[in-house]
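Single-letter residue listing:
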Amino acid sequence: MRTYRYHHVVTFDETNLVGNVYFAQYLHWQGHCRERFLAEHAPSVVESLKTGELALATVSCSMDFYKECFALDEIDVLMSLRDKGGGRITMHFEFRRDGELVATGTQVVACLCREDGVHPVDIPAELDDALSAYAPAPK
Ligand code: SSV
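Residues numbered from 1 in each chain as written. Predicted model: local features only at pLDDT ≥ 70, side-chain atom pairs only at ≥ 80, totals over all residues. Heavy atoms only, no water.

**Q** Explain the overall build of the protein to me, please; I cannot follow it from the model alone.
**A** Secondary structure assignment for the protein yields three helices and six strands. In the protein, the succession of helices and strands from N to C terminus is β-α-α-β-β-β-β-β-α. The C-alpha radius of gyration of the protein comes to 16 Å, within 12% of the 14 Å expected for a compact globule of 139 residues. With 139 residues in all, the protein has 40% of them scored as buried. (Helix = DSSP H or I, 4+ residues; strand = E, 2+ residues; numbered from the N terminus. Rg over C-alpha atoms; globule rule 2.2 N^0.38 Å. Buried < 20%, exposed > 50% of the residue type's maximum accessible area, 1.4 Å probe, protein only.)

Now the structure itself:
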């Protein structure tokens, strides 16, 4: 299974009173990872998000935590495609520190068009093609 990698060095402002990373930061990093993917592999989609022609809505997300992380830890966020179709994309995330699995997460993104309300649309071709290089892992 192919993964898209986003590397992050934990900052002090991402940690809480007891020194570990605040749980919500991992969802920020899911966001950073997916937007780097778009910028690299589907720049026209970024443009249509800017113009408002397309909207990508996060319809669900989750996190499971296995180890604490701390400031200056180096984290690899490894994003894989779990499913795509029906205008939706399901991603899976592994968070690794020195190869060790510290957390996992998921999210579902829906492609929408805002015209007389909000309507589901197909995954834009450029993004769909980019995703094709990341065959979903067997269920
Ligand atoms: C503006 C906003 O909310 C942006 C949303 C971005 C969504 C990006 C989705 C990218 C999916 C990539 C999946 C790749 C799997 C290997």
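We are not done yet, so read on.
**Q** Is there a simple way to explain the site of the ligand in this structure?
**A** Around the ligand, the neighbouring residues are R34, F37, L38, L56, M79, L81, M91, L131 and Y134. Here R34 contributes a side-chain N or O atom positioned 3.3 Å from an oxygen atom of the ligand. Within the complex, the protein chains bury 85% of what would otherwise be the 490 Å² of accessible surface of the ligand. With respect to the detected pockets, the ligand is housed in the largest pocket. Of all the secondary-structure elements, those providing two or more residues to the shell around the ligand are α1 (25-41) and β3 (74-85). Counted by class, the shell around the ligand contains eight nonpolar, no polar and one charged residues. (Near = heavy atom within 4 Å. Polar contact = N/O pair within 3.5 Å; in protein donor to acceptor, adjacent residues only side chain to side chain. Areas by Shrake-Rupley, 256 points an atom, 1.4 Å probe, with all protein chains shown as cover. 1 Å grid on protein atoms, 1.4 Å probe; cavity = no way out; pocket = protein on both sides within 12 Å on 5 of 7 lines; lining within 4 Å. Sits in = over half its atoms within 2 Å of the grid points. Nonpolar A, V, L, I, M, F, W, Y, C, P; charged D, E, K, R; others polar.)

**Q** Just to check I follow, could you spell out the nonpolar core for this structure?
**A** Generally speaking, soluble globular proteins have nonpolar side chains that are buried together. Membership of the largest hydrophobic core comes to 31 residues, with the highest contact counts inside it found for Y26, W29, F37, V77, F95 and L127. Broken down by element, the residue count for this core peaks at five residues, all from α1. (Core = buried A, V, L, I, M, F, W, Y, C linked by side-chain atoms within 4.5 Å.)

**Q** In this structure, what is going on with the layout of surface pockets? I would like to understand it.
**A** Empty space among the atoms can be located by rolling a probe the size of a water molecule over them. For the largest pocket, the calculated volume is near 340 Å³. Around the largest pocket, the lining is made up of 17 residues, and of these R34, E35, L38, L56 and M91 lie nearest the centre. Secondary-structure elements contributing two or more residues to the lining of the largest pocket are α1, β3, β4 (88-97) and α3 (125-132). Top contributing element to the lining of the largest pocket by residue count: α1, with five residues. (Points joined across faces, edges and corners; volume = space filled by probe spheres on them.)

**Q** Please explain the pattern of salt bridges as it appears in this structure.
**A** One pass over the full model with this rule turns up seven salt bridges. Two residues, D76 and R5, come together in a salt bridge whose shortest N-O distance is 2.8 Å. With D76 in strand β3 and R5 in strand β1 (residues 4-9), the pair connects residues that are 71 residues apart, well separated along the chain. Its relative accessible area of 49% is what places R5 among the partly exposed residues. Linked through salt bridges whose partners overlap, the residues forming this network are K67, D73, R97 and E100. (Salt bridge = Lys/Arg side-chain N within 4 Å of Asp/Glu carboxyl O.)

**Q** How do you make sense of α1 when you look at a structure like this?
**A** Because each turn of an α-helix spans 3.6 residues, side chains separated by three or four positions end up pointing in the same direction. With 17 residues, α1 extends 24 Å between its outermost C-alpha atoms, agreeing within 8% with the 24 Å of an ideal straight helix rising 1.5 Å per residue. Of the positions making up α1, those classed as buried are Q25, Y26, W29, Q30, G31, C33, F37 and L38. (Expected span 1.5 Å × (residues − 1).)

**Q** How should the pairing of β3 be read in this particular structure?
**A** Working note: regular strand, side chains alternate between the two faces of the sheet. Across six bridges, the pairing between β1 and β3 is antiparallel. The residue of β3 that forms the bridge with H8 is I75. In this sheet, β4 lies alongside β3 in antiparallel orientation, the contact comprising ten bridges. Directly across from S80, in β4, lies its bridge partner H92. Hairpin geometry of β3 and β4 is characterised by an intervening segment of two residues between the two adjacent antiparallel strands and by a positive phi of about 60 degrees at G86. (Pairing = 2+ DSSP bridges.)

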